[in-house]
Amino acid sequence: MAPRCLGALATEEQLQTMRLGVTLPTFNVSPQAALDAAARAESLGIHGVFTFDHLWPMGDPTRPSLSAYPLAAAVAARTRHLQIGTLVARIGLLPDEVVLASLLGLSKIAGRRFIAGIGTGDEASLGEHERLGIPYLSATDRRRSLTTVAQTLAEEGVEHWIGAGGIATNEVARTTGATLNLWGVSADQVAEETSRGTTVSWAGPLPKQAGAGSELLRALADAGASWAVWGWPSSLETVAEVAEAAGIELGFGALGDGGALPTPE
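Conventions and cut-offs
Per chain, residue numbering runs from 1 following the sequence as it is written. Side-chain atom pairs in this predicted model are given and counted only at pLDDT of 80 or more, local residue features only at pLDDT of at least 70, and totals for whole chains, interfaces and linings cover all residues. Values shown for side chains rest on all heavy atoms present in the structure; no hydrogens or waters enter the calculation. Helical segments are the DSSP runs of H or I of at least four residues, strand segments are the runs of E of at least two, and each set is numbered from the N terminus. Here the axes come from fitting lines to C-alpha atoms, over the contacting stretch only for helices, and the angles between their N-to-C directions go from 0 to 180 degrees. Working rule for angles: under 35 degrees goes down as roughly parallel, over 145 as roughly antiparallel, 65 to 115 as roughly perpendicular, anything else as oblique. Crossing handedness follows the turn of the near helix against the far one: under a right angle anticlockwise gives a left-handed crossing, and clockwise gives a right-handed one. Residue contacts are counted whenever heavy atoms from the two residues lie within 4.5 Å of one another. Side-chain classes are defined by residue name, with Ala, Val, Leu, Ile, Met, Phe, Trp, Tyr, Cys and Pro counting as nonpolar, Asp, Glu, Lys and Arg as charged, and the others, Gly among them, as polar. Under the scheme applied here, a residue whose accessible area is under 20% of the maximum for its type counts as buried, over 50% as exposed, and between as partly exposed, the area being computed with a 1.4 Å probe on protein chains only. Here the rule is simple: two strands pair whenever DSSP picks up at least two bridges between them. Crossovers are described as right-handed under a simple rule: with the strands pointing away from the observer, the path leading from the first strand over the helix to the second runs clockwise. Definition used in this section: a nonpolar core is a set of buried Ala, Val, Leu, Ile, Met, Phe, Trp, Tyr and Cys residues joined via side-chain atoms within 4.5 Å. Throughout, the protein atoms alone are placed on a 1 Å grid, and a set of points is a cavity if a 1.4 Å probe fits but cannot get out or a pocket if it is open with protein on both sides within 12 Å along at least five of seven lines; lining residues have an atom within 4 Å of a point. Grid points are joined across faces, edges and corners, and a volume is the space filled by probe spheres set on the points. In the sections that follow, a salt bridge refers to a side-chain nitrogen of Lys or Arg positioned within 4 Å of a carboxyl oxygen of Asp or Glu. Between the rings of Phe, Tyr and Trp (Trp by its six-membered ring), a pair exists once the centres lie within 6.5 Å; its type follows the angle of the planes, with under 30 degrees stacked, over 60 edge-to-face, and the other angles tilted. Here, a charge over a ring is recorded when the distance from Lys NZ or Arg CZ to the ring centre is within 6 Å and its angle to the ring normal is within 35 degrees.

**Q** Account for unusual backbone geometry, with residues named and values stated.
**A** The omega torsion of the bond from leucine 87 to valine 88 falls at -10°, within 30 degrees of zero and hence cis. Take valine 88: it is sitting in the loop between β3 (83–86) and β4 (89–90).

Spelled out as C-alpha cells, the structure:
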C-alpha cells in the first residue's frame with residue numbers, strides 16, 4: 001500500500017462519523033479519579049470511555065488496579081450520554097460464564113451505550129496468571145472461548161469489539177460481526193483492514209505534540225476507523241483541543257434520540 005498523506009484525504013463525513021474515546025485512569029485504589037474523568041469527558045462531549053481489564057499495570061504488580069466491570073457499571077450510573085466499554089475484557093482471566101454474565105449485565109445497566117470489548121490476551125499478561133495461580137489456557141482454547149462469547153453477544157444484540165491478534169483471532173471478529181480493535185497501529189494498517197469490509201476501531205497513545213495528534217485523527221478517519229480511543233491522557237482538555245483541530249465534532253447530537261443515550265429506567 002502506498003504511503004498515506006496524513007489527514008489530507010479525510011472527508012467531512014468521515015470526520016463527523018468517527019467517534020472519540022479515552023481509557024480511564026484505572027490503576028488506582030479509589031475509583032474517584034476515574035469517575036471524575038468520566039464526568040469531565042461527558043461534559044466536554046468526548047463520545048466514550050473505556051476500562052482496562054488488568055490485575056495491575058503491565059509489568060508492575062506492586063500497583064493496584066480497579067476491576068473493569070464494577071467500574072463500568074458505576075460510570076454508567078453516573079453519566080447519561082457517554083458510551084462505555086471494556087478494552088478489553090480478557091478471556092481466560094475468569095470463567096467464560098462469568099465474563100459473559102458480566103458483559104450481558106453491563107448491557108442491561110447501560111443499554112445501547114455499552115460496548116463489550118473482548119480479547120484473548122497474550123504472553124504479556126502471563127505474569128498475572130502465574131502470580132494468582134490462574135490457569136493460562138492455550139491460544140487455541142482462548143480463541144475458542146472468544147468465539148463462543150462473541151457469538152452470544154451477537155445473538156443478544158450487544159455491540160462488541162475484539163482485540164486484534166493473529167489471523168485466526170481477527171477472523172473471529174469478521175465472522176461474529178464484531179468491530180476489530182487495533183492498538184497502536186498506523187492508519188495504513190487500519191485502511192488495510194477496512195478495505196476488506198472489516199469494521200475497525202483504533203486505540204493507542206495520544207502523541208505529545210497536538211499537531212501530530214490532530215493529523216493522526218484525520219488519517220484514521222480517512223482510513224475508515226469507527227473510533228479513535230486515546231490511552232489515558234494527561235489532560236482531557238487537550239483531547240478536546242486535538243479533536244477540534246482535526247475537525248471532529250464532539251458532543252452527542254449526532255448520535256440520535258435528540259442527542260441522548262439514556263440509561264434504562
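Continuing now.
**Q** Describe the packing of helix α8 (residues 187–194) against helix α9 (residues 210–223), naming the residues involved and giving the relevant values.
**A** For the pair α8 and α9, interaxial distance at closest approach is 8 Å and the crossing angle is 15°. Here α8 is positioned roughly parallel relative to α9, judged by the angle of their axes. As α8 packs across α9, the resulting crossing turns out to be right-handed. Facing α8, whose interface residues are Ala187, Val190, Ala191 and Thr194, α9 presents Ala219, Leu220 and Ala223. Looking at side-chain class alone, the contact of α8 with α9 contains 6 nonpolar, 1 polar and no charged residues.

**Q** Let's hear about the pairing of strand β9 (residues 227–230): which residues, and what values?
**A** Across the two faces of β9 the burial is the same, with Trp227 and Val229 and Ala228 and Trp230 all buried. Bridge count for strand β1 (residues 19–23) against β9 is 4 bridges, and the pairing is parallel. Paired with leucine 20 across the strands is alanine 228, a residue of β9. Relative to β9, strand β8 (residues 200–204) runs parallel, the two sharing 4 bridges. Residue pairing for β9: serine 201 is matched across the bridge by tryptophan 227. In terms of handedness, the path from β8 via α9 over to β9 forms a crossover that is right-handed.

**Q** For the nonpolar core, give the residues involved together with the corresponding values.
**A** One broad rule of soluble globular proteins: the nonpolar side chains tend to lie buried together. Membership of the largest hydrophobic core comes to 67 residues, with the highest contact counts inside it found for Val49, Leu103, Ile118, Val190, Leu217, Leu220 and Trp230. Here the element with the most residues in this core is helix α3 (residues 68–78); it accounts for 7 residues. Every residue in contact with isoleucine 118, bar those within four places of it in the chain, is listed here: Val88, Ala89, Leu103, Leu146, Val149, Ala150, Leu153, Trp161, Ile162 and Gly163. Grouped together as the second largest cluster of nonpolar side chains are 8 residues, Phe50, Trp161, Ala203 and Val229 included.

**Q** I'd like a description of the packing of helix α2 (residues 32–44) against helix α10 (residues 236–246), backed by residues and values.
**A** Running from amino to carboxyl end, α2 crosses α10 at an angle of 25°, the nearest separation of the two axes being 10 Å. By the angle between their directions, the pair α2 and α10 is classed as roughly parallel. Along this stretch, α2 crosses α10, giving a crossing that reads as right-handed. Contact residues: Ala37, Arg40, Ala41 and Leu44 in α2; Leu236, Glu237 and Ala240 in α10. Tallied by class, residues from the contact of α2 with α10 come to 5 nonpolar, no polar and 2 charged.

**Q** Describe in detail the layout of surface pockets, supporting the description with residues and values.
**A** Empty space within the largest pocket amounts to approximately 650 Å³. The wall of the largest pocket is formed by 26 residues, among which Val88, Gly121, Asp122, Gly163 and Ala164 lie closest to the centre. Every element with two or more residues in the lining of the largest pocket is listed here: α6 (139–155) and β7 (179–183). A breakdown of the residues in the lining of the largest pocket according to their chemical character gives 11 nonpolar, 10 polar and 5 charged.

**Q** Requested: an account of the pattern of salt bridges, with residues and values cited.
**A** This structure, assessed with the given rule, holds 7 salt bridges. The partner of glutamate 192 in a salt bridge is arginine 196, and the shortest N-O contact between them spans 3.4 Å. Of the charged contacts, one joins glutamate 193 and arginine 196 as a salt bridge, the two residues approaching to 3.2 Å between their closest N and O atoms. By relative accessible area, which is 9% here, glutamate 193 ends up buried.

**Q** Any chance you could break down the pairing of β7 for me, citing the residues and the numbers?
**A** With 4 of its 5 residues buried, β7 lies for the most part within the structure. With helix α7 (residues 167–176) bridging strand β6 (residues 160–163) and the parallel β7, this β-α-β connection has right-handed handedness. In this structure, β7 lies alongside β8, joined through 4 bridges in parallel fashion. Bridge pairing in β8 places asparagine 181 opposite serine 201. A crossover connection joins β7 to the parallel β8 through α8; in handedness this β-α-β unit is right-handed.

**Q** Break down the packing of aromatic side chains for me, with residues and values.
**A** Aromatic ring pairs are defined here through the distance separating the ring centres and the angle between the ring planes. In this structure the tally under the stated criterion is 6 aromatic pairs. Both rings, one in phenylalanine 52 and one in tryptophan 183, keep their centres 6.4 Å apart while their planes meet at 55°; by these two values the pair is tilted. With a gap of 131 residues between them, phenylalanine 52 in the loop between β2 (48–51) and α3 and tryptophan 183 in strand β7 connect regions that are remote in the sequence. Assessed through its relative accessible area of 43%, tryptophan 183 is described here as partly exposed. Arginine 131 extends its terminal NZ or CZ atom over the ring of tryptophan 56, reaching a point 5.5 Å from the ring centre.

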